[in-house]
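Residue-level listing of the chains:
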Amino acid sequence: MSSPVFSVDVDILLGDALEALVRTGRRHLVAVDGAGRCLGVLADRAVAAAWAHDHAALSRLTVAAALDPDPATVSTDARVIDAARLMRAGGIDAVAIVDADGRPVGIVTGSDLIALLAR
């Protein structure tokens, strides 16, 4: 798990989220609502797909528009295998780890799983 979590508000524009991805050197950001609850994971490829579909998307659409309607999250007591299975089943490469209140505490990515296997 990577922590601290780099997060963005679901109401910001995709262009601003892309800037955050570039600035932090990350491929994923956790999207949160105004109360800090996790609403999903924004991947760089989701931003690229939105832009490819509509070149004005970065200045017109919010993060919420690029999120999967079924957020990829697991609880803090989940096992590594639970996160890996969710990633495989959903065809995704990142899962947010959330506390009992739904607030993000970390993120597991495909790179994290590879690093674990390589130890």
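Predicted model only: the values in this text are computed from it and were never measured.

The rules we used
- Residues numbered from 1 in each chain as written.
- Predicted model: local features only at pLDDT ≥ 70, side-chain atom pairs only at ≥ 80, totals over all residues.
- Heavy atoms only, no water.
- Core = buried A, V, L, I, M, F, W, Y, C linked by side-chain atoms within 4.5 Å.
- Buried < 20%, exposed > 50% of the residue type's maximum accessible area, 1.4 Å probe, protein only.
- Helix = DSSP H or I, 4+ residues; strand = E, 2+ residues; numbered from the N terminus.
- Contact = heavy atoms within 4.5 Å.
- Pairing = 2+ DSSP bridges.
- Axes fitted to C-alpha atoms, helices over the stretch in contact; angles between N-to-C directions.
- Parallel < 35°, antiparallel > 145°, perpendicular 65-115°, else oblique.
- Left-handed = near helix turned anticlockwise from the far one by under 90°.
- Nonpolar A, V, L, I, M, F, W, Y, C, P; charged D, E, K, R; others polar.

Visitor: Tell me what's going on with the nonpolar core, and back it up with residues and numbers.
Guide: The tendency in soluble globular proteins is for nonpolar side chains to be buried side by side. Judged by nonpolar contacts, the single largest core of 15 residues is most densely connected at Leu 14, Leu 42, Val 63 and Leu 67. Put simply, the parts of the chain that give this core at least two residues each are helix 1 (14-24), strand 2 (28-32), helix 2 (44-53) and helix 4 (63-66). The greatest single-element share of this core, amounting to four residues, is contributed by helix 1. Here Leu 42 is in contact with Leu 14, Ala 17, Arg 27, His 28, Leu 29, Val 47, Val 63, Ala 66 and Leu 67, once residues within four sequence places are set aside. By size, the runner-up hydrophobic cluster in this structure holds nine residues, among which are Val 5, Cys 38, Val 41 and Val 98.

Visitor: Outline the sheet that holds strand 4 (residues 73-75), supporting the account with residue identities and numerical values.
Guide: On the basis of which strands lie adjacent, the open sheet formed by three strands has the order 4-5-6 and mixed pairing. In this open sheet, the two strands that pair with only one neighbour each are strand 4 and strand 6 (104-109). Pairs of neighbouring strands in the sheet enclose a mean axial angle of 30°, with direction left out of account. Bridge count for strand 4 against strand 5 (residues 94-98) is three bridges, and the pairing is parallel.

Visitor: Account for the environment of Arg 37, naming residues and giving values.
Guide: Counting through the fold element by element, Arg 37 comes out in the loop between strand 2 and strand 3 (38-43). When the C-alpha positions of Arg 37 and Ala 118 are compared, they lie 32 Å apart, and in sequence the two are 81 residues distant. For Arg 37, the residues in contact, after removing those within four places along its chain, are Ala 31, Val 32, Asp 101, Gly 102 and Arg 103.

Visitor: Run through the environment of Asp 99, naming residues and quoting values.
Guide: With respect to the helices and strands, Asp 99 occurs in the loop between strand 5 and strand 6. A relative accessible area of 27% places Asp 99 in the partly exposed class. Setting aside anything within four residues of it in sequence, one finds Asp 99 in contact with Thr 76 and Val 105.

Visitor: Account for the side chain of Thr 109, with residues named and values stated.
Guide: Considering the arrangement of structural elements, one finds Thr 109 in strand 6. Sequence-distant contacts of Thr 109, that is, excluding residues within four places in its chain, are made with His 28, Met 87, Asp 93 and Ala 94.

Visitor: Describe in detail the environment of Ala 57, supporting the description with residues and values.
Guide: One can find Ala 57 in helix 3 (residues 57-60). In the structure, Ala 57 is positioned 44 residues away from Leu 13 in sequence and 8.5 Å away in space, judged by C-alpha atoms.

Visitor: I'd love a proper account of the packing of helix 5 (residues 80-90) against helix 6 (residues 110-118), names of residues and values included.
Guide: For the pair helix 5 and helix 6, interaxial distance at closest approach is 11 Å and the crossing angle is 135°. Comparing their axes, helix 6 and helix 5 come out oblique. The handedness of the crossing between helix 5 and helix 6 is left-handed. In this structure, helix 5 contributes Val 80, Ala 84 and Met 87 to the contact, and helix 6 contributes Gly 110, Leu 113 and Leu 116. Per-class residue counts for the contact of helix 5 with helix 6 are five nonpolar, one polar and no charged.

All we've got here are geometric facts, nothing functional implied.
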